[in-house]
Amino acid sequence: MKPALLILPALLALSALALAACPSAATPEQPEHAESVKPTYPGPPKPWHAMEMSEKGQYMKDVVLPTMKRIFQQHDPQNYADFGCDTCHGLDARERHFEMPNPGLYALYPPGSPQQQQMVAEKKATLAFMVNEVIPTMQQLLGEEPFDPMTKKGFGCAECHPHGVE
Ligand code: HEC
Ligand code: HEC
């Protein structure tokens, strides 16, 4: 498991804000979970780490790509009109054997660093989308544990984004 980034406290506060400002996220399919307004996903047919590379690729194609494409396009139809494997894995995905994180994605810096503060200031909408939609959806799709800021374990930003080098 890769080390997770330490930016969660700021993001959790942000997440609460974004949720409060987003009543349209409620889904009528789940009235019994009033506190959880997100759809849930069953995850892979067997534990992710126990899957062959080919099985992972197939699951990405059948389940991850269509689900994440819908979520990204709902968030920003223009920017993500061409959403594919490469949006997450990069155009050199094959050469890198689909290894994640993808060094071509936006680099994330530790909490309190000037770069991280700048990101929080300049990319509020994207950040809220990452925290509220991308992280929980992907975490469930892969059958991973949610990120725990105490133990620093679970599915976090660093599964996709590289660490910034200061
Ligand atoms: C929304 C982002 C996203 C999209 C889109 C996506 N992937 Fe992935 N993929 C990931 C992440 C994150 C992992 C790493 C999961 C882990 O190991 O924790 C991964 C892992 C993989 C792996 C396993 C790599 C390894 O080292 O075990 C393969 C193979 C793969 N993806 C293929 C694909 C293919 C093919 C597509 C398009 C059909 C695709 N992915 C689309 C995010 C994505
Ligand atoms: C499943 C993979 C995945 C995870 C997990 C993820 N992101 Fe992202 N992130 C992406 C992709 C894909 C993009 C869009 C890249 C593009 O537009 O080409 C993106 C874009 C961004 C951007 C906008 C970058 C820019 O150029 O403006 C920021 C900021 C960001 N993510 C922060 C985060 C943070 C913080 C987290 C954790 C809370 C996170 N992401 C979790 C895949 C992921």
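Think of each chain on its own: its residues are numbered from 1, step by step along the sequence as written. Labels are handed out in written order, letters beginning with A for the chains and numbers beginning with 1 for the ligands. Given that the model is predicted, a residue must reach a pLDDT of at least 70 before its local features are reported, and side-chain atom pairs must reach 80 or more before they are shown or counted; all residues, however, enter totals for whole chains, interfaces and linings. Side-chain metrics rest on all non-hydrogen atoms present in the structure, leaving aside hydrogens and water.

1. Brief notes about the coordination of the iron atom of ligand 2
- At 2.0 to 2.3 Å from the iron atom of ligand 2 lie its protein donor atoms, namely Met-130 (SD) and His-161 (NE2).
- Metal sites are built from N, O and S donor atoms within 2.8 Å, or 3.2 Å for Na, K and Ca, and they leave out water, so they may look incomplete. Irregular is the default label, applied whenever a site is not tetrahedral (four donors, all angles between 85 and 135 degrees) and neither square planar nor octahedral (four or six donors, opposite donors over 155 degrees apart, all other angles between 65 and 115). For the iron atom of ligand 2, the six donor atoms are set out with angles of 83 to 179° between them, so the coordination reads as octahedral. Of the two residues, Met-130 sits in helix 5 (residues 124-141) while His-161 sits in the segment after helix 5, which places them 31 residues apart along the sequence.
- Only protein chains enter the area calculation, which uses a 1.4 Å probe; residues under 20% of their type maximum are buried, those over 50% are exposed, and those in between are partly exposed. Residue His-161 is classed as buried on the basis of its relative accessible area of 14%. In this text, helices come from DSSP runs of H or I with a minimum length of four residues, and strands from runs of E with a minimum of two, each type numbered from the N-terminal end.

2. Some details on the site of ligand 2
- A cutoff of 4 Å decides nearness: a residue is near a molecule or strand if any of its heavy atoms lies inside that distance of it. In the region of ligand 2, 23 residues are neighbours, and Lys-123, Met-130, Cys-157, Cys-160 and His-161 sit closest.
- Tyr-80 is positioned such that a nitrogen or oxygen atom in its side chain is 3.2 Å from an oxygen atom of ligand 2.
- Take His-161: an N or O atom from its side chain is 2.8 Å from a nitrogen atom of ligand 2.
- Sorting the residues of the shell around ligand 2 by element identifies helix 3 (85-89) and helix 5 as the ones contributing at least two each.
- Among the elements that make up the shell around ligand 2, the one with the highest residue count is helix 5 (seven residues).
- The residue inventory of the shell around ligand 2, partitioned by class, reads 18 nonpolar, four polar and one charged. Within 3.5 Å is the distance limit for a polar contact, defined as a pair of N or O atoms, with the added protein rule that one can donate a hydrogen and the other accept it, and that residues adjacent in sequence qualify only through two side-chain atoms. We call Asp, Glu, Lys and Arg charged. Ala, Val, Leu, Ile, Met, Phe, Trp, Tyr, Cys and Pro are nonpolar, and the rest, Gly among them, are polar.

3. Digging into the site of ligand 1
- Lining the immediate environment of ligand 1, one finds 21 residues, of which Lys-56, Met-60, Cys-85, Cys-88 and His-89 sit closest.
- Within the side chain of Lys-56, an N or O atom sits 3.0 Å from an oxygen atom of ligand 1.
- Those elements giving two or more residues to the shell around ligand 1 turn out to be helix 2 (53-75) and helix 3.
- Among the elements that make up the shell around ligand 1, the one with the highest residue count is helix 2 (seven residues).

4. A short note on the coordination of the iron atom of ligand 1
- Coordination of the iron atom of ligand 1 by the protein involves Met-60 (SD) and His-89 (NE2), with metal-donor separations of 2.0 to 2.3 Å.
- Of note is the iron atom of ligand 1, whose six donor atoms meet at the metal with angles of 84 to 178° in an arrangement that counts as octahedral. Taken as a pair, Met-60 in helix 2 and His-89 in helix 3 lie far apart in primary sequence, 29 residues in all.
- Note on Met-60: relative accessible area 22%, which makes it partly exposed.

5. Considering the side chain of His-89
- We classify His-89 as buried; its relative accessible area is 10%.
- Contact partners of His-89, with chain neighbours within four places excluded, come to Met-60, Arg-96, Phe-98, Met-100 and Asn-102. Whether two residues are in contact is decided by their heavy atoms: any pair within 4.5 Å suffices.

6. Looking at the packing of aromatic side chains
- Working definition: a ring pair exists when centres of Phe, Tyr or Trp rings (six-membered ring for Trp) sit within 6.5 Å. Plane angles under 30 degrees give stacked, over 60 give edge-to-face, the rest tilted. With the rule as written, the count across this model stands at five aromatic pairs.
- Taking the centre distance of 6.4 Å and the plane angle of 75° together, the rings of Tyr-80 and Phe-83 count as edge-to-face. The two residues Tyr-80 and Phe-83 agree in class, both being buried.

7. Side note on helix 5
- Taking 1.5 Å as the rise per residue, helix 5 with 18 residues should run 26 Å; its terminal C-alpha atoms sit 25 Å apart, in good agreement.
- Where helix 5 bends most, at Met-130, the angle is about 40°.
- Where helix 5 is concerned, the buried positions are Leu-127, Ala-128, Phe-129, Met-130, Val-131, Asn-132, Val-134, Thr-137, Met-138, Gln-139, Gln-140 and Leu-141.
- Downstream of helix 5 by a residue or two, Gly-143 has a phi angle that is positive, lying close to 65°. To estimate how far a helix should extend, the number of its residues minus one is multiplied by 1.5 Å. What the bend at a residue measures is the angle between two axes, fitted to the seven residues ending there and to the seven starting there.

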